[in-house]
Amino acid sequence: MHRPLTVAIAALLCAACSQGGGARDAADADLALYGTQEPFAAHAVYFVVTDRFVNGDPANDQREQDGAQRTFDIPVRCPDGIDGNIGYLGGDFRGVLDNAGYIRDMGFGAVWITPIVDNPDEAFTGGDAISCGSSLTDRGKTGYHGYWGTNFYTVDEHLPSADLDFRAFTDGMRAAGLKTVLDIVGNHGSPAWTMPVVQPGFGQIFDADGQLIADHQNLPPQQLDPTGNPLHAFYNPTGPVDAKDGSIFDGNLAQLSDFDAANPAVFEYLAGAYEHWIGQGADAFRIDTIAWMPHDFWKRFADRIRGQHPGFFMFGEAFDYDAARIAEHTWAANGGISVLDFPMKQAMDEVFAGGQGFERLAPALHLERGPYANPYDLATFYDNHDMPRMDASDTGFIDAHNWLFTARGIPVVYYGSETGFMRGRAEHAGNRAYYGQERVDAGVGTPIHAALTRIATLRRDAPALQRGLQLPLRLQGDHAVFYRVLDDDVRQTALVLLNKGDAPWKASLAAADIDDGAWRDGFDGATVHARGGLHLDVPAHGVRVLLRDGVPSAPALRTRLQASMAARLGGPDAR
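Rules of the game
Residues numbered from 1 in each chain as written. Predicted model: local features only at pLDDT ≥ 70, side-chain atom pairs only at ≥ 80, totals over all residues. Heavy atoms only, no water. Helix = DSSP H or I, 4+ residues; strand = E, 2+ residues; numbered from the N terminus. Polar contact = N/O pair within 3.5 Å; in protein donor to acceptor, adjacent residues only side chain to side chain. Contact = heavy atoms within 4.5 Å. Phe/Tyr/Trp six-rings, centres within 6.5 Å; stacked < 30°, edge-to-face > 60°. Buried < 20%, exposed > 50% of the residue type's maximum accessible area, 1.4 Å probe, protein only. Pairing = 2+ DSSP bridges. Axes fitted to C-alpha atoms, helices over the stretch in contact; angles between N-to-C directions.

J.: Describe the side chain of His385, and please don't skip the residues or the numbers.
T.: By the element assignment, His385 lies in the loop between strand 15 (379–380) and helix 10 (394–404). Reaching out from His385, the side chain makes a polar contact with the side chain of Tyr147 at a distance of 3.0 Å. Residues in contact with His385, not counting those within four places in the same chain, are Phe47, Val49, Tyr147, Arg286, Tyr414, Glu427, Asn431 and Arg432.

J.: Talk me through the packing of aromatic side chains; I want residue IDs and the actual numbers.
T.: Within this structure, the stated rule accounts for 44 aromatic pairs. Between Phe124 and Trp148, the ring centres sit 6.3 Å apart and the planes meet at 70 degrees, which makes this aromatic pair edge-to-face. Of the two residues, Phe124 sits in the loop between strand 5 (117–118) and strand 6 (151–155) while Trp148 sits in the loop between strand 5 and strand 6, which places them 24 residues apart along the sequence. With a relative accessible area of 1%, Phe124 lands in the buried category.

J.: A description of the pairing of strand 17 (residues 469–476) should follow, citing residues and the corresponding values.
T.: As judged from the seven bridges shared by strand 17 and strand 18 (residues 479–487), these two strands associate in the antiparallel manner. Bridge pairing links Arg474 to Val481 in strand 18. Hairpin connection, strand 17 to strand 18: the antiparallel pair is bridged by two residues, and Gly477 has positive phi, about 60 degrees.

J.: Pulling in residues and values, what's your account of the sheet that holds strand 24 (residues 542–549)?
T.: Pairing within the open sheet is antiparallel, and its six strands lie in the order 17-18-19-24-21-22. Both edges of this open sheet fall to strand 17 and strand 22 (527–530), since each of them pairs with a single strand only. The mean inter-strand angle of the sheet, taken between neighbouring strand axes irrespective of direction, is 25 degrees. Summarising the sheet, strand 18 and strand 19 (residues 491–499) pair through nine bridges and their orientation is antiparallel.

Structure follows, in C-alpha cells:
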C-alpha cells in the first residue's frame, strides 16, 4: 500500500524542480503526497450497540426467554435516577436498516455493529454483582451486546427478522450507501465459571452444525485438563497472554472463557466463521480485545482473510493509552491491522471536555516517523461503549466533531453522540441506554446533530479530508490551523481553521503559509481570495475549510510537505 522510503526521498529531492501547483509535468511524474491510500478511509463510521439502537421488529424480542432468569429489560438502579440496563431492549437489524438514510444523511459511509453471533439465552448467574458504577461485573447481565459467543457461525435470534437475515441486512445497507463493519471476537467466548448451577450455553462452543466442541464445565481455568478432556482443549488454562511480550495476564477477564490461541482448532474455527460472515456481506472488521491474543495469531488471521479478500480493512481494540504499545498491531509483521486511536481519544477528552488547548492534540498525531505503520489509517474517536461517554457541553461536542472530521484518521462516532445522549455516563449507568426511533426523529436538526452533519458531509465530499497529508500550522489554545494535502490520483488541498473559543476569531495567515489566488469555501462554495496572506473570520465554536484543486506552490510549504511525506513513509511500515 505504501511506497518505500527511497521513493519518498527521491520525491523530496525532486521538489526543487517542481514548484507548480497545477498538473504534474514530466519532472515530477512520480511525486505523490498523501496520508493514506486506504480506500476505507473515505468512510466515517457510525457505531451502534445493535440491541440499544432501535427496535425495528418487536417480533424478535424473544421475551418468552424470560423464566427463572429474566432476560428483557433489567434495570441497574443509579442513585441519581438515571438508570442503566443489562437486559435485552429489542434493537435489531431492522432498526438499523430502517434508519440507514438517517445515518447516511449525517455524512457517514459505514456502520459498525456489535457482534451478531449466537449468545446464551439466559442471564449469567456467576461473576460479581453489578452496580451503577461497576466495571467488568456480569452477574445478572445478558448477552445483549453480542460479545459472549457460543456459536460463531449462527446469528443470534434477537437480531434478524423473518425477511431480514444478515445477508439481506448487508445488502440493504449497501443499497442505502453504507458499508457494514462487523465487530468480531477472537479472544473469548461467554462467561464460563462461578455459576451456582451450570447454565446452558455459558462456557460452551458449538460448531456450524450445532455440535458441542468445547465446554468449560463451570471450572476455573486452572482446573481445566486440555490434554485429558477434548472439551477443554479450546481454552487456555493459564490465563490470557499479553500480545506484546507473551507474559500471562493476572487473572482472566470477567470470568470469560479464554481461547487458546496456540490451538490450531481454535484458529480454524474462528477464521472459518469470519470468512463465512464476509461471504454474507461484512465489508470490514473491528476486532475486539486484539491485545489479548498474540501477534502471530493475528498475523495468520490477517494473511488468511486477505488471501481470500485482498485489502480487507480491519481495526482492533487495544485498550491502552500508550501509542507505542498499540502501534505494534499495525505493523506488517503483526498482521498490518489498524487500531482504535486511544491516545487521541484521551487527548480529545482533555481538550473538548476538559478545557485544554489544541496543543494537547499535537503529541497524539504522530504524523512523522511515529510508532504506527500509518497514523492516517487509525480509527479516531472520543468515547465508546466500554468507557464513560464524553462529558462535554453541546459546543464541546461540536468542537470535537470539527476536529474529528478534519484531522487525520477515520472518524468513529458512538450512537447518540449526535445529540449528546447520556453524556458522562459509564457502562452500567446509561452509557448503553436504549436510543429509540423517537429520539432519532427528534434529534434531526438539533445543534450537535446539525453541526455534525455539516462537517461530516464535507469530509465525505472532500478527498483531501479523507486521505490527505496533514501539515499543522498552528495548534495552540482555542485555535487550530492545518492543511490536508492530497496529490495522487486526485489533487486537492484543504485549509482547515478551527475555533473552539466562545468569541469569533480573526485568523491571519502569512504570505509564506498560503498561495495567492482563489480558494472556495468548502461549505457554501463562495470564492475566497488570498493575496500576500489571508485574513479570515472563524465563528465561535466554528470551522472554516477552504478548498483548492491542486497542491501548494509556496516554496516553504512544498518543502515542509515533501519532508513530512518522506518522514511519514519512514515509519514502521517501511521496515
